[in-house]
Amino acid sequence: MNHESWVTVACTINGSAQQFTLSPATPLSTLLRSHGLLSIKQGCSVGECGACTVLIDGVAIDSCLYLASWVDGKSISTLEGESVGGEISKIQQAYAKSGSVQCGFCTPGLVMATKALLAKPHQKPFTVQEIRRGLAGNLCRCTGYQMIVDTVRACEQE
Ligand code: FES
Ligand code: FES
C-alpha cells in the first residue's frame, strides 16, 4: 500500500471525538471492529443482512458497504453507546423482554435500526407494514419477526 494514498478522517463515535488515518478502501465495519466495537457483526459483508448496522448522523446504514473515509465530520452511533453506566437502553430492554433476542447475532443491528425508525417523524402507532418496511434491511434467522414487530410497538408506547 502506498502511504501517500492514505486519508485522515475525523468523526465522533458514540459522542467521543476520534481521528483515523486509513486506506480509502477500508469499510467502516472493519474500522469500527478493529477499534473494539464488536457489536458490529460481519454477516454477509454485501449489504444483505443488516448485522453491521450503525447510525451515521441518525440514519441507519450498513457499515460493511460504507467506506470509513466517508465519515469525516460525521457522528457515528453503535450499540456500545446505547448502554449508559452499565444500564442497557429502553430499546435493548424491550428486545430482551419480548424474547426477540435468541441467538442474538442480528440484535445489535436491529436495535440500531429500531432507534432510527422510532426517531423518524411518523403518525403513532406505526402500522405493522411500516415496521416491517422500516426494518426490512435487517434479517433474523430465529424469531420469525413477529416478536420484533411487537418490540417496536412496545418501544413506541414508552
Ligand atoms: S454484514 Fe453488512 S449487511 Fe450484512
Ligand atoms: S435472534 Fe438469531 S438471527 Fe435474530
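Every chain's residues receive numbers from 1 upward, in the order its sequence appears when written. Note on labels: chains are lettered from A, ligands numbered from 1, in written order. It should be noted that, the model being predicted, local features are given only for residues of pLDDT at least 70 and side-chain atom pairs only at 80 or more, the latter also being counted only at that level, while totals for whole chains, interfaces and linings use all residues. As a convention, hydrogens and water are excluded, and side-chain values are obtained from all of the structure's heavy atoms.

- The protein is annotated in an unreviewed UniProt entry as Nicotinate dehydrogenase small FeS subunit from Yokenella regensburgei.

1. Some thoughts on the overall build of the protein
Here is step 1 of the chain: From N to C terminus, the protein includes five helices and five strands.
Here is step 2 of the chain: For helices the rule is a DSSP run of H or I covering at least 4 residues; for strands it is a run of E covering at least 2, with both sets numbered from the N terminus onward. Walking the protein from its N terminus toward its C terminus, one meets helices and strands in the order β-β-α-β-β-β-α-α-α-α.
Here is step 3 of the chain: Computed over the C-alpha atoms, the radius of gyration of the protein is 16 Å, within 12% of the 15 Å expected from 2.2 N^0.38 for a compact globule of 158 residues.
Here is step 4 of the chain: With the C-alpha coordinates aligned to their principal axes, the bounding extent of the protein is approximately 50 × 30 × 30 Å.
Here is step 5 of the chain: Only protein chains enter the area calculation, which uses a 1.4 Å probe; residues under 20% of their type maximum are buried, those over 50% are exposed, and those in between are partly exposed. Taken across its 158 residues, the protein has 40% of its residues classed as buried.
Here is step 6 of the chain: Contacts are assigned to residue pairs that have any heavy atoms within 4.5 Å of one another. Counting contacts in the protein only where the partners sit at least 6 residues apart, residues at least 24 apart contribute 55% of the total.
Here is step 7 of the chain: By element, 54% of the accessible surface of the protein is carried by carbon and sulfur atoms, the whole surface being about 8,400 Å². Only the C-alpha atoms count toward the radius of gyration. The rule for a globule is 2.2 Å times the residue count to the power 0.38. To measure how exposed things are, a 1.4 Å probe is used in the Shrake-Rupley method; for residues, cover is taken only from the protein chains shown.

2. Brief notes about the nonpolar core
Nonpolar side chains tend to gather and get buried jointly when the protein is soluble and globular.
Here is step 1 of the chain: Within this scheme, the nonpolar core is defined by two criteria: the residues are buried Ala, Val, Leu, Ile, Met, Phe, Trp, Tyr or Cys, and they are joined through side-chain atoms within 4.5 Å. Counting 20 residues, the largest nonpolar core has Tyr95, Leu110, Val111, Ile131, Leu135, Ile148 and Val152 as the members making the most contacts within it.
Here is step 2 of the chain: Among the secondary structure elements, those contributing two or more residues to this core are helix 2 (90-98), helix 3 (107-119) and helix 5 (146-156).
Here is step 3 of the chain: Broken down by element, this core gets its largest block of residues, six residues, from helix 3.
Here is step 4 of the chain: Not counting chain neighbours up to four residues away, the residues in contact with leucine 135 comprise Tyr95, Leu110, Ala113, Thr114, Leu117, Ile148 and Val152.

3. Side note on the packing of helix 2 against helix 3
Here is step 1 of the chain: Angles shown run from 0 to 180 degrees and are taken between the N-to-C directions of axes, each axis being a line fitted to C-alpha atoms and, for helices, limited to the stretch in contact. Packing of helix 2 against helix 3 brings their axes to within 10 Å, and their N-to-C directions diverge by 125 degrees. It follows that helix 2 is oblique to helix 3 by the angle criterion. As helix 2 packs across helix 3, the resulting crossing turns out to be right-handed. For the pair helix 2 and helix 3, the contacting residues are Ile91, Gln92 and Tyr95 in the first and Thr107, Leu110, Val111, Thr114, Lys115 and Leu118 in the second.
Here is step 2 of the chain: Polar here means any residue other than Ala, Val, Leu, Ile, Met, Phe, Trp, Tyr, Cys and Pro, which are nonpolar, and Asp, Glu, Lys and Arg, which are charged; Gly is therefore polar. Among the residues making up the contact of helix 2 with helix 3, the classes are represented as five nonpolar, three polar and one charged. Roughly parallel covers angles under 35 degrees, roughly antiparallel covers those over 145, roughly perpendicular covers 65 to 115, and oblique covers all other angles. For any helix crossing, the convention is left-handed if the near helix is rotated counterclockwise from the far helix by under a right angle, and right-handed if that rotation is clockwise.

4. Section: the environment of isoleucine 56
Here is step 1 of the chain: By the element assignment, isoleucine 56 lies in strand 3 (residues 53-56).
Here is step 2 of the chain: When the C-alpha positions of isoleucine 56 and alanine 116 are compared, they lie 9.8 Å apart, and in sequence the two are 60 residues distant.
Here is step 3 of the chain: When sequence neighbours within four positions are dropped, the list of residues in contact with isoleucine 56 reads Leu28, Ile61, Tyr66, Val71, Lys74 and Ser75.

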